[in-house]
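What follows is each chain in one-letter form.
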Amino acid sequence: MPDVTLVIYTAVCILLLGFVVFKVFIIPQLRRKRALRTAFPQDWHEVLNKNFAIYHLLPQSLKLRLQKLIQLFLLEKKFYGCQGLSLTEEIRVTIAAQACLLILNQPKAWYNKLQSILVYPGAFTVPDAQHSEQGVISSAPSHRLGESWHNGRIVLSWDDVITDSRYPQRGQNVTFHEFAHQLDAEDGYTDGIPILGPKHSFQHWSHLMAEELTRLRHEVIVGIPHVINQYGATNAAEFFAVATETFFTHPHQLAMHNPALFQILHSYYQLDPRSWTNNQ
């Protein structure tokens, strides 16, 4: 005859395990399915047509796919307003749309480590450590438009998000930039090399990116005009993030001046923005 205590203990463990599985796996899947069955709100269409210049240029098939990703993104990622900013659907949808454009044709990419997006009204100030030749460390204020953190957070300036989103011809986009950092960091390293698919060679990617980074640094030093913002010359991680901005905002210029770089980003994102953006 089995030990009653052991039977009860086993039954409790099975119930607890079932509860955990239901809460961690089943409930999220049910919520996802419910979100995907829900029609994309008309108010969100209006927000995107007003705030996201690239959106209304997309073919209908990509629009529909983007809409579903936006719904899932807003279901799973948390937004927080900072310095008194009142979060609205406009803010959340505008940011989500730009984040999801980067993974539109990447079914395995989902910002898995990202948990929350902190939004400030405008540029925000953070302490920045300064090192002297004597080794003394001081803290000086540094003004930022955005940040991507390893602990699953992104910080954005709403003023800059909305300006970049409405005017891609400026050639910069803080949302693309910070979410590209998140893609870069999904393998545990922020080194300018995101998780690559089977069609991509690690050696080819790292070699080409190193060459393009060296080229940009040379152009910055000698004063040669370049389509990529010179901030990309900071390091490999910033180069990937800035190149991503340029790929989506000035694809024609990037393809003309840096054809190899354009092609590798085209292959990685599996999108060709030249087909749905103006030749700027």
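Keep in mind it's a predicted model, so treat the numbers as computed, not measured.

So, how was this worked out
Residues numbered from 1 in each chain as written. Predicted model: local features only at pLDDT ≥ 70, side-chain atom pairs only at ≥ 80, totals over all residues. Heavy atoms only, no water. Helix = DSSP H or I, 4+ residues; strand = E, 2+ residues; numbered from the N terminus. Buried < 20%, exposed > 50% of the residue type's maximum accessible area, 1.4 Å probe, protein only. Contact = heavy atoms within 4.5 Å. Areas by Shrake-Rupley, 256 points an atom, 1.4 Å probe, with all protein chains shown as cover. Axes fitted to C-alpha atoms, helices over the stretch in contact; angles between N-to-C directions. Parallel < 35°, antiparallel > 145°, perpendicular 65-115°, else oblique. Patch = residues over 30% accessible without salt bridge, like charges linked within 9 Å, V, L, I, M, F, W, Y side chains within 5 Å. Salt bridge = Lys/Arg side-chain N within 4 Å of Asp/Glu carboxyl O. Pairing = 2+ DSSP bridges. Core = buried A, V, L, I, M, F, W, Y, C linked by side-chain atoms within 4.5 Å. Phe/Tyr/Trp six-rings, centres within 6.5 Å; stacked < 30°, edge-to-face > 60°. 1 Å grid on protein atoms, 1.4 Å probe; cavity = no way out; pocket = protein on both sides within 12 Å on 5 of 7 lines; lining within 4 Å. Points joined across faces, edges and corners; volume = space filled by probe spheres on them. Nonpolar A, V, L, I, M, F, W, Y, C, P; charged D, E, K, R; others polar. Left-handed = near helix turned anticlockwise from the far one by under 90°.

Draft legend 1. Quick peek at the overall build of the protein chain. Tallying secondary structure elements over the protein chain gives 10 helices and six strands in all. Counting every position in the protein chain, which comprises 280 residues, the buried fraction comes to 45%. Considering only intrachain contacts with a sequence separation of at least 6, the fraction spanning at least 24 residues in the protein chain is 65%. Summing over all exposed atoms, the protein chain offers an accessible surface of approximately 15100 Å²; the carbon and sulfur share of this is 58%.

Draft legend 2. Representation of the packing of helix 8 (residues 236-249) against helix 10 (residues 259-269) within the structure. At a minimum axis separation of 11 Å, helix 8 and helix 10 run at an interaxial angle of 85°. Classified by the angle between their axes, helix 8 and helix 10 sit roughly perpendicular to one another. Facing helix 8, whose interface residues are F239, F240, A243, T244, F247 and F248, helix 10 presents L261, F262, L265, H266, Y268 and Y269.

Draft legend 3. Fine view of a nonpolar patch on the surface. A surface patch of nonpolar side chains, about 300 Å² in accessible area, is lined by I221, V222 and I224. Note that I224 resides in the loop between helix 7 (202-222) and helix 8. By relative accessible area, which is 37% here, I224 ends up partly exposed.

Draft legend 4. Spotlight on the sheet that holds strand 6 (residues 153-157). Pairing is mixed in the open sheet, where four strands are placed in the order 1-2-6-5. At either end of the open sheet lies a strand with only one pairing partner, and these are strand 1 (78-81) and strand 5 (146-149). For this sheet, the mean angle separating the axes of adjacent strands, direction not counted, is 15°. Pairing geometry for strand 1 and strand 2 (residues 116-120), over four bridges, is parallel. If you follow K78 over to strand 2, its bridge partner there is S116.

Draft legend 5. Inspection of the pairing of strand 5 at higher detail. Taken together, the four bridges between strand 5 and strand 6 define a ladder with antiparallel strand orientation. Residue pairing in the sheet places G146 in a bridge with L156 of strand 6. The loop that links strand 5 with its antiparallel partner strand 6 comprises three residues; one of these, G152, has a positive phi angle of about 85°.

Draft legend 6. Layout of the nonpolar core. By size, the foremost hydrophobic cluster in this structure holds 70 residues, and its most contacted members are I70, F73, I95, I117, F179, L265 and Y269. The element best represented in this core is helix 4 (residues 89-101), accounting for eight residues. In this view, L265 contacts W205, M209, F240, A243, F247, L254 and Q270; residues no more than four positions away in its chain are not counted. Counting residues in hydrophobic clusters, the runner-up holds five residues, among them C82, Y120, F124 and V155.

Draft legend 7. Expanded view of the packing of aromatic side chains. Within the structure shown, the criterion is met by 15 aromatic pairs. The structure contains a cluster of three or more aromatic residues connected by ring pairs, namely F176, W205, F240, F247, F248, F262, Y268 and Y269.

Draft legend 8. Representation of the layout of surface pockets within the structure. As a volume, the largest pocket reaches approximately 720 Å³. The element contributing the most residues to the lining of the largest pocket is helix 6 (residues 174-184), with five residues. Along the lines of polarity and charge, the residues of the lining of the largest pocket split into six nonpolar, 15 polar and eight charged. Taken as a whole, the second largest pocket spans an internal volume of roughly 460 Å³. Contributing to the lining of the second largest pocket are 18 residues, with Q106, K108, L196, G197 and Q270 lying nearest its centre. Across the lining of the second largest pocket, the residue classes break down as eight nonpolar, six polar and four charged.

Draft legend 9. Local environment of the packing of helix 4 against helix 5 (residues 158-166). Orientation of helix 4 relative to helix 5, taken along the N-to-C sense of each, is 55°, at an axis distance of 11 Å. Classed by the angle they form, the pair helix 4 and helix 5 counts as oblique. The handedness of the crossing between helix 4 and helix 5 comes out as left-handed. Across the interface between the two elements, E90, I91, T94, I95 and Q98 from helix 4 touch W158, V161, I162, S165 and R166 from helix 5.

Draft legend 10. Here's a closer look at the pattern of salt bridges. Applying the stated criterion across every chain yields a total of six salt bridges. Close ionic contact of R92 with E89 constitutes a salt bridge, the shortest N to O distance being 2.8 Å. With R92 and E89 both in helix 4 and three residues apart, this pair spans about one turn of that helix. Taking relative accessible area as the criterion, E89 reaches 38% and is therefore assigned partly exposed. For the salt bridge of R215 with E219, the shortest nitrogen-to-oxygen distance reads 3.2 Å. With a gap of four residues between them, R215 and E219 both fall in helix 7, about one helical turn apart. The class of E219 is buried, set by a relative accessible area of 11%.

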